[in-house]
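# Chains, contacts and geometry: an overview
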Amino acid sequence: MHQRKVPMRKDIVTGEMLPKKDLIRVVKNKEDEITIDPTGKQNGRGAYVGINVETAKKAQKEHSLDKAFGMKVSDEFYTELVEFVDHQQARRELFGDNAK
């Protein structure tokens, strides 16, 4: 059987290339709104953060998304991102890598 190619994306915090399913996409749309994109399909400029609480906290501390999008990202959004990553990481530990 043919091996499927695994899509790889770069984590903006660590600089590592990781499989897309191991990352969370954050999107900036045309209205300059920044949101978490759980589907990975929303329109707009995307940046990826690893599903790891320490990585998300490092992004918050270093304001990695500010640099990636060229604009100020609110502290509330970073807090929301850390909580979302924590939730996703907990799901993976409970259900394994197949948890969506």
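The shown structure was predicted, so the numbers you read here are calculated from the model rather than taken from an experiment.

Assigned secondary structure in the chain consists of three helices and five strands. For the chain, the α and β elements follow one another from N to C terminus as β-β-β-β-β-α-α-α. A compact globule built from 100 residues would reach a C-alpha radius of gyration of about 13 Å, and the chain, at 14 Å, matches this within 12%. Counting all 100 residues of the chain, 35% fall into the buried class.

You will see that D32, though not glycine, has its phi angle at about 60 degrees, which is positive. Here D32 lies in the loop between β3 (23-28) and β4 (34-37). Despite not being glycine, H63 has its phi angle at roughly 55 degrees, a positive value. The topology assignment puts H63 in the loop between α1 (53-62) and α2 (64-69).

Moving on, we get to the nonpolar core. If you look at the biggest cluster of nonpolar residues, it comprises 19 residues, and the most contacted ones within it are V26, L65, F77 and L81. Looking at this core, the element that brings in the most residues is helix α3 (residues 75-95), giving five residues. Ignoring sequence-local partners within four residues, the contact set of V26 consists of I34, T35, R45, G46, A47, L65, F69, F77 and L81.

Parameters and conventions
Residues numbered from 1 in each chain as written. Predicted model: local features only at pLDDT ≥ 70, side-chain atom pairs only at ≥ 80, totals over all residues. Heavy atoms only, no water. Helix = DSSP H or I, 4+ residues; strand = E, 2+ residues; numbered from the N terminus. Rg over C-alpha atoms; globule rule 2.2 N^0.38 Å. Buried < 20%, exposed > 50% of the residue type's maximum accessible area, 1.4 Å probe, protein only. Core = buried A, V, L, I, M, F, W, Y, C linked by side-chain atoms within 4.5 Å. Contact = heavy atoms within 4.5 Å.

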